[in-house]
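As a plain string of letters, each chain reads:
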Amino acid sequence: MAILQRFYYSASIRDFLAESSDQILGKLAAANEFALLQTQRDAWQTQIDILKKTLLRREGRILFEFSIPRMGKRIDTVILIEQVIFVLEFKIGEIDFKKHAIDQVWDYALDLKNFHEASHESFIAPILISSEAIATAVEPHFGHKDRIYSPLLCTSESLNATIEKILKQSLGQPINSDNWVGSRYSPTPTIIEAAQALYRGHSVGEISRSDSTAQSISDTSSIISKVIESSRKDSKKSICFLTGVPGAGKTLVGLNIATQHFDKESDLHSVFLSGNGPLVAILREALARDQVAQAKEHGQRIKKGEASRQVKMFIQNVHHFRDECLQNENRAPIEHVALFDEAQRAWNTRQTSSFMQQKKGVANFDKSEPEFLISCMDRHKDWAVIVCLVGGGQEINTGEAGITEWIDSLMRSFPKWQIFVSPKLIDSEYSAEENLKKLEAHTEIKWEPALHLSVSMRSFRAEKVSFLVKSLLDHEATQAKKTYSEIQHKYPIALTRDLQIAKAWLKTQARGSERYGLLVSSQAYRLKPFGIDVRPQVDPIHWFLNDKEDVRSSYYLEDVATEFQAQGLELDWACITWDADLRYTKQGWEHWSFRGDRWDRIRKAERQTYLKNAYRVLLTRARQGMVLVVPEGSSTDHTRQNEYYDHTYDYLKSLGLTCI
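Counting of residues starts from 1 at the beginning of each chain's written sequence and follows it residue by residue. At least 70 in pLDDT is required for a residue's local features to be given in this predicted model, at least 80 for side-chain atom pairs to be given and counted, and no such filter applies to totals for whole chains, interfaces and linings, which use all residues. Side-chain metrics in this entry use all non-hydrogen atoms of the structure; hydrogen atoms and water are not considered.

**Brief notes about the pattern of salt bridges**
Each reported salt bridge corresponds to a side-chain nitrogen of Lys or Arg within 4 Å of a carboxyl oxygen of Asp or Glu. A complete count under the given rule lists 37 salt bridges for this structure. The partner of Arg-511 in a salt bridge is Asp-146, and the shortest N-O contact between them spans 2.6 Å. In this pair, Arg-511 sits in the loop between helix H20 (499–509) and strand E16 (516–519) while Asp-146 sits in the loop between strand E5 (123–130) and strand E6 (152–154), placing the two residues 365 residues apart along the sequence. Put simply, DSSP marks the helices as runs of H or I at least four residues long and the strands as runs of E at least two long, and each gets a number from the N terminus on.

Structure, rendered in structure tokens:
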């Protein structure tokens, strides 16, 4: 695994000023892990020249090319002077300040503030220097209360005066530069960022924070790796059930294992499989784009199509994997290790049989999806490992079997497989307790505590968000109110009845390229009066990956994503608009489906669970905070009567959410 060193060059400002430019360039070139392009050398030379003039008579520390592994980037220059961290991004030869460059330097500052421990309480000043721009007066100011200045736009000539202004108005304790450089960097990447970093060859330890209250992702990955190694050595077939709360890092573990256990030379192949079509499409596109961008940055060229072909070996749609195995019922797949994301969403026998007959022309197919998938890996003559990544309360669609079908399939058809189980699989949210009791008689079952991830890492600001959402949806108002009171200073949840106010709130909260967007239930058919129509299917690639200038992106706050597009993915800030499909009453939640011109009550327990889980998915997407919109009803519209919405709003308000 490649390990990014923290910086290419570090020195006190005094030593930096004393060294010659050639000496500094030599150290930068020696630390550079790629072929050194002349353009990069020239850029470093210009930066050195500018900073030698700017930093005369200053004391502090300077670092070039400070790494941000979560983003796969390096900050051009970090300078520590007195009580301020200066984050500098140079655009040599530029005559203006492009918006994406402003977001870039802002992102760097936010990354340090959120994930670098010694930066949490410090003043951070992100500065964009366009060397050929026309100088204008720069007035430092804060946009939020966390001591991060809004990006400052400078020229080479105005940089010194800007630094002086910031130092004069930033009162605090001087930074200990040795402690700062040695401080722990504990990031919480999005699943897209994590996939990109792992695919580049970084270790999971570099891109995930450690947490004393949770079993670390590194330890969980290690346990699974040991199962794989022992299964390979002893020619055994094994299956692991990994559980975790929403956002705890189950998918990250799966991606990590898939990258660790892939070696063409030793004929070791692993594959990350998911039935979540949007997730697969987005991860593939993100990895392909990143491969092209990384190559371009280092003077190389790779075609998008070639990058996409390479990615497809690593991440596949589980249904395509299934279809390939159907072609020859005796041939084992090339992969010895298969990781099934959201395994609880695999189809039951009825759904699988119906699909096979109607879509594939396969008559009399009598296996559930779990049983068939296990049978595919069982074709190996020597060894195989399956890892099931299991989310509780995540089934959101008809025909999803839950985890019980995997267990029943093992008992029924694969008695010789070793089974490694998270003890938390007996919890009610996994609906597998009765089946697990049967497994206790299985001679090859092993209970492994490390196969549970107990703390959500999606929200690095507040790990208790998933518990809050569970309490809210389980009608446990007292517990929900208590939990929110504990996290609200770190994880704001606003409440409003006006969608436009909610959109404005999102835009004021988000900084840099922090992603925000609108989320609604797929059953929210009566939000059309507010410009929200769930019937057109958004392209999740454009919605989740494209930038602020693209009208198809989430940033535009026009298209909405539902639980089907959003499951397994994250936003920094989210707006969830609540319709009358899930209505609060004093007796609990009522479940409704809109058909034709009226709401019909949902009485089937299975469908009620799907709807409740849809809102669970929506309410656990945001990493930093969210705003809930419960719109006003209408006395003139029988499909949007006031009472359909008012009770829900009052319930949410009673939990202490901030009304805006």
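**A closer look at the pairing of strand E12 (residues 418–421)**
A two-sided burial pattern is seen for E12, the buried positions comprising Gln-418 and Phe-420 on one face and Ile-419 and Val-421 on the other. If DSSP finds at least two bridges between two strands, the strands pair. The pairing of strand E7 (residues 237–244) with E12 spans 4 bridges and is parallel. Bridged to Ile-239 within E12 is Ile-419. Pairing of E12 with strand E13 (residues 445–447), which is carried by 3 bridges, proceeds in the parallel orientation. The buried label applies to any residue whose accessible area, calculated with a 1.4 Å probe on protein chains only, is under 20% of its type's maximum; exposed applies above 50%, and partly exposed to all values in between.

**Things to note about the sheet that holds strand E20 (residues 588–595)**
Judged by pairing direction, the sheet is antiparallel, and its 3 strands sit side by side in the order E19-E20-E21 without closing on themselves. The open sheet terminates on both sides in strands that have one partner only, identified here as strand E19 (582–585) and strand E21 (598–601). Shown here is a sheet whose adjacent strand axes are inclined to one another by a mean of 40 degrees, direction ignored. Where E19 and E20 come together, 4 bridges link them in antiparallel fashion. In the sheet register, Arg-583 faces E20, and the bridge partner there is Glu-590. Each of E19 and E20 touches helix H23 (residues 605–619); the most contacted strand, E20, lies at about 100 degrees to it. Note on method: axes are straight lines fitted to C-alpha atoms, helices fitted across the in-contact stretch only, with angles between N-to-C directions ranging 0 to 180 degrees. The criterion used for residue contact is that any of the two residues' heavy atoms lie within 4.5 Å.

**Regarding the nonpolar core**
The biggest cluster of nonpolar side chains holds 86 residues, and the ones touching the most others in it are Leu-472, Leu-519, Trp-578, Leu-619, Met-626, Leu-628 and Leu-652. In terms of residue count, helix H11 (residues 277–297) provides more of this core than any other element does, 6 residues in total. If near-sequence neighbours (up to four positions away) are discounted, Leu-472 is found in contact with Ala-480, Trp-578, Trp-589, Leu-619, Tyr-651, Leu-652 and Leu-655. Core analysis: the next-biggest nonpolar cluster, separate from the first, contains 35 residues, Met-377, Ala-384, Ile-403 and Ile-445 among them. For the purposes of this section, nonpolar cores are sets of buried Ala, Val, Leu, Ile, Met, Phe, Trp, Tyr and Cys residues that join through side-chain atoms within 4.5 Å.

**Focus on the confidence of the model for the chain**
Residue-level confidence of the predictor, termed pLDDT, takes values from 0 up to 100. On average, the chain scores 89 in pLDDT, and the residues at 70 or more come to 93%. This model gives residues 210–215 a pLDDT under 50, and the stretch forms 11 contacts once residues within four places in sequence are excluded.

**Comments concerning the sheet that holds strand E3 (residues 73–81)**
Sheet strands line up and pair through hydrogen bonds in the backbone, either parallel or antiparallel. The strand order across the open sheet formed by 6 strands is E1-E2-E3-E4-E5-E6, and the pairing between neighbours is mixed. With one partner strand each, in any of the chains shown, strand E1 (9–12) and E6 form the two edges of the open sheet. For this sheet, the mean angle separating the axes of adjacent strands, direction not counted, is 30 degrees. Summarising the sheet, strand E4 (residues 84–91) and E5 pair through 8 bridges and their orientation is parallel. Bridge pairing in E5 places Phe-90 opposite Ile-129.

**Comments concerning the packing of aromatic side chains**
Two aromatic rings from Phe, Tyr or Trp, using only the six-membered ring of Trp, form a pair when their centres are within 6.5 Å; if the ring planes differ by under 30 degrees the pair is stacked, by over 60 it is edge-to-face, and anything between is tilted. If you walk through the whole model with that rule in mind, you get 21 aromatic pairs. On the numbers, 5.1 Å between centres and 70 degrees between planes, the contact of Phe-594 with Trp-599 is edge-to-face. Both residues of the pair, Phe-594 and Trp-599, count as buried. What links up through ring pairs into an aromatic cluster is the set Trp-578, Tyr-584, Trp-589, Tyr-615 and Tyr-651. Placement of a charge over a ring requires the Lys NZ or Arg CZ to be within 6 Å of the ring centre, with the centre-to-atom vector within 35 degrees of the ring normal. Over the aromatic face of Trp-592 sits the side chain of Arg-583, whose NZ or CZ is 4.1 Å from the ring centroid.

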